[in-house]
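Architecture and fold: a report
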Amino acid sequence: MTGSLSTAPRVCLAKAALHARLARVPRLASISILAALLAALPPAISEAGDALTRHAHDVHLPYPPPTPEAADVRDIAFRTSSPQPWIATRAGLYQLTPGAGWTGPILSGPAYALETAPDGSLWIGMWNGLFRLAPSEAEPRPIGGLSQPVNALASRADGTVFAAGPDGFALVQGTQVRRLDPAVTRQVYQVIDVPGQGWHLASAMGIYRWDDARSARRLSPDPDRVSLSVRGLALDEKGRLWAGALGGLQVYAGPRLLREYPAATALPSSDVQCVAAAPEGTIWVGTQAGLARQSGHGWTVRRGRRWLLHDEVRAITFDRAGTAWIATAGGVSALATESLTLEQKAARFHQVLEARHVRPPGIVEKCQFGTPGEVSTWAPMDDDNDGGYTAVALAMESYRYAVTRDPAALAAARRAFAACEFLQHVTGTPGFLARTVIPADWKEMHDPNETFPEEEWAERRVREPRAKRVPIRWRPSADGRWLWKGDTSSDEVTAHLFGYLAYYELAADDAQRPRVRTQICRIVDHLIDHGFVLRDSDGQPTRWGVWAPERLNQDPDWAMDRGVNSVELLSFLKLAHRVSGEERYQRHYRDLIENHHYDLNVLEAPNLNPAWRTYIDMELLAFAYPALLKFETDPRLLRIHHQSFERWRQAVKGDANPFFDFLHASLTRERLRARDLDAARNFLIETPLDLIRWDVDNATREDVALQRSPELEGWQTRRRLPPTELGYSRTDQNPWLARQGDGGRTESDGVFWLLPYWMGRHSGVVPGDQMPSK
């Protein structure tokens, strides 16, 4: 914690300020989300000084090779005074200039090892001998008397260089070469000098210690138990020797084995290739399946294209700034560090959102890349749930405005509301809303209009009897400028009304609120007028837009959706009644409860049967519960709704999802447990700055156990991995899935992070430099 104020005075000051603001707003606003959050302010608000805390984020700088052969990188090193790394590859020796690319090959043919001597010389082990690049020279020179392959190098402070290869070993000092015969295996992978203890060789037969007496001894406390296939060695700041072996890690103090780290406890793969000690003391381990880092906080893993050009890591070194340079089987990756406060991180994500994720008429969405990961090739795209994404962005911008009073946030909220409003108006109906719209001249879109042969349609019906035949999904707008997409789902309706509620309470002024009220009532009136279904232009209910009692209560094929859809419909009616004051909404609400037992249906939400459970439902319930819990006044019904809400909470509380956590705290007026608050904050802190949806495959990691839970579809991790080790999942996607991503072809809009961030700022559980304004 930082700052000089104690917890109690700061909380009191915060509450007093909030109560003063609440006294100046209308009664309806006084029951807003802020009022509910007020009682949930945890002691952690005393950490407001942490608003200035900068959190370190890894940033991947990829350096792809100039040729396929050069992609096979074996080693990487820096000369003492140069910021340009040298690279040993299958194709030869290269030099890399950040911003300019690779130069070379300077030496052709397979290069194996690099070593920077204390005098600044670069030693190069090649297929045809040993070479030295002196500090004052521009070209490497061969060392006479060593024309055989050299694949391992080490140096000492006196300038002595140890060279190892399949034909033997040698000590080189200046131009003098002394052959060695220490009677050990010649399959040596790495050599290091341990001051005062001699040369240490990592080999296929274990770790050998060789001193100037020309004798070699193997460090092998138990050859039947400890792996002898050692690939890499590193000395940490305490003088301990870390050995990377087939099977995991070994840590030695002199000849004594201190500890082992089997792959299952720390590493993504048991096939360790290299070990390195960072200047600040962190241990880095390269494996065939990515790299792992060990610090005082435990182990973290970096793998997949977000972090590495290739998961096979051969060597790791560090430059003077502390950036890690990683030799992989697919080129060179640098992992630099950028430190940002959470507020700066939010600003970064907002910049990305505005630059690539808002398209006319204000739709917020993913974007796509012509070349995976190349943001310069971005283009807009459509998605089934564009309207829902835009509505969630509306809620986010409403919270942002409530916290900051920034005119830009208000303008963004108004733009998002206008886009959601347009999705209803463009259909030319009193209350039906489109999934999304695209310009009329777009030639490519998701789910284009199509007709099905009867045989194919029969196949679909057999797989899903509830399927709806929709040959025409896209229809032109009245003015011909747009194509709008029908067959709208319950997801869209629920998300729209969630966004409208947040906007109505947090950002809309007296001029805007009537428009919001009208939109809410138009949508809910459409459902009432059509028997609680979303009726499309074909006169039939959409595939997913069904809340009717006779379907939910009597049709077995809708049993799985009974609980969730009942919560949604009651929530819609409560919201419409609240903003309009019209009793007809309350009459329909009471009728569904008294004559169709929707109060009992609510207790079935969420559906936790592992075959039916989905995170789509978890998110939709999060959108629906606020209106239901905030506006219900009947004590019996409120207890029932809270029972359902707590059932939902128990299902998601282990997800470390700050949106779910902050929402629960706001609606129950309960303080978050310290563990849950820490998990939510860590999500915000650890989420990578790169929003590209790279593939992440945790199913092949040896340190991750898999299970078919909480859902049966797809393998899921048994423990919750940090955001740095996951693909970008929306809140409606299972965060436990072992395989995520779409190959770097699209980018997240960042709203999954920005919404809980601004909710947390609004409530005070996330520190910031401004107090809430409402």
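All of these numbers come straight from a predicted model, not from anything done at the bench.

Given a rise of 1.5 Å per residue, 14 residues ought to cover 20 Å, and the 19 Å separating the end C-alpha atoms of helix α13 (residues 583–596) matches this to within 8%. Residues of α13 that are buried include every one of Tyr585, Gln586, Tyr589, Leu592 and Ile593, and no others. For α13, the angular spread of the buried residues around the axis is 120°, confining them to a single face. Of the exposed residues in α13, those oriented more than 90 degrees away from the buried face are Arg587, Glu594 and Asn595. Elements in contact with the buried residues of α13: α10 (513–529), α11 (549–554), α12 (562–580), α14 (598–602), α15 (615–631) and α16 (635–652). Positioned one or two residues after α13, histidine 597 has a phi angle of 45°, which is positive.

As a further point, take the packing of helix α7 (residues 407–425) against helix α9 (residues 490–506). Following both chains from N to C, one finds α7 and α9 inclined at 140°, their axes separated by 11 Å at the closest point. As for the relative orientation of α7 and α9, their crossing is left-handed in sense. Contacts between α7 and α9 involve Ala413, Arg414, Phe417, Cys420, Glu421 and Leu423 from the former and His496, Tyr500 and Tyr503 from the latter. Of the residues that constitute the contact of α7 with α9, the class distribution is six nonpolar, one polar and two charged.

With that settled, the discussion passes to α9. For α9, with 17 residues, the first-to-last C-alpha span of 24 Å sits near the 24 Å given by 1.5 Å per residue. Among the 17 residues that make up α9, 17 are buried, leaving the element largely enclosed by the rest of the structure. Two to three positions downstream of the cap, the backbone nitrogen of aspartate 491 sits 3.2 Å from a side-chain oxygen, assigning the N-cap of α9 to serine 489.

Another point: the environment of alanine 458. Considering the arrangement of structural elements, one finds alanine 458 in helix α8 (residues 454–463). Alanine 458 sits in the partly exposed class, given a relative accessible area of 38%. Distance from alanine 458 to tyrosine 112, taken between C-alpha atoms, is 61 Å for residues 346 residues apart in sequence.

The subject of this paragraph is the pattern of salt bridges. Taken as a whole and assessed by the stated rule, the structure comprises 47 salt bridges. A salt bridge links arginine 636 to aspartate 599; the nearest nitrogen and oxygen atoms lie 3.2 Å apart. Taken together, the residues span a long stretch of sequence, with arginine 636 in helix α16 and aspartate 599 in helix α14 at a distance of 37 residues. Of the charged contacts, one joins aspartate 703 and arginine 701 as a salt bridge, the two residues approaching to 2.8 Å between their closest N and O atoms. Here aspartate 703 and arginine 701 have matching classes, each one buried. One continuous salt-bridge network, built from bridges that share partners, spans Asp72, Arg74, Glu312 and Arg314.

Each value, and the rule that gives it
- Residues numbered from 1 in each chain as written.
- Predicted model: local features only at pLDDT ≥ 70, side-chain atom pairs only at ≥ 80, totals over all residues.
- Heavy atoms only, no water.
- Helix = DSSP H or I, 4+ residues; strand = E, 2+ residues; numbered from the N terminus.
- Expected span 1.5 Å × (residues − 1).
- Buried < 20%, exposed > 50% of the residue type's maximum accessible area, 1.4 Å probe, protein only.
- Arc of directions from axis to C-beta.
- Contact = heavy atoms within 4.5 Å.
- Axes fitted to C-alpha atoms, helices over the stretch in contact; angles between N-to-C directions.
- Left-handed = near helix turned anticlockwise from the far one by under 90°.
- Nonpolar A, V, L, I, M, F, W, Y, C, P; charged D, E, K, R; others polar.
- Polar contact = N/O pair within 3.5 Å; in protein donor to acceptor, adjacent residues only side chain to side chain.
- Salt bridge = Lys/Arg side-chain N within 4 Å of Asp/Glu carboxyl O.

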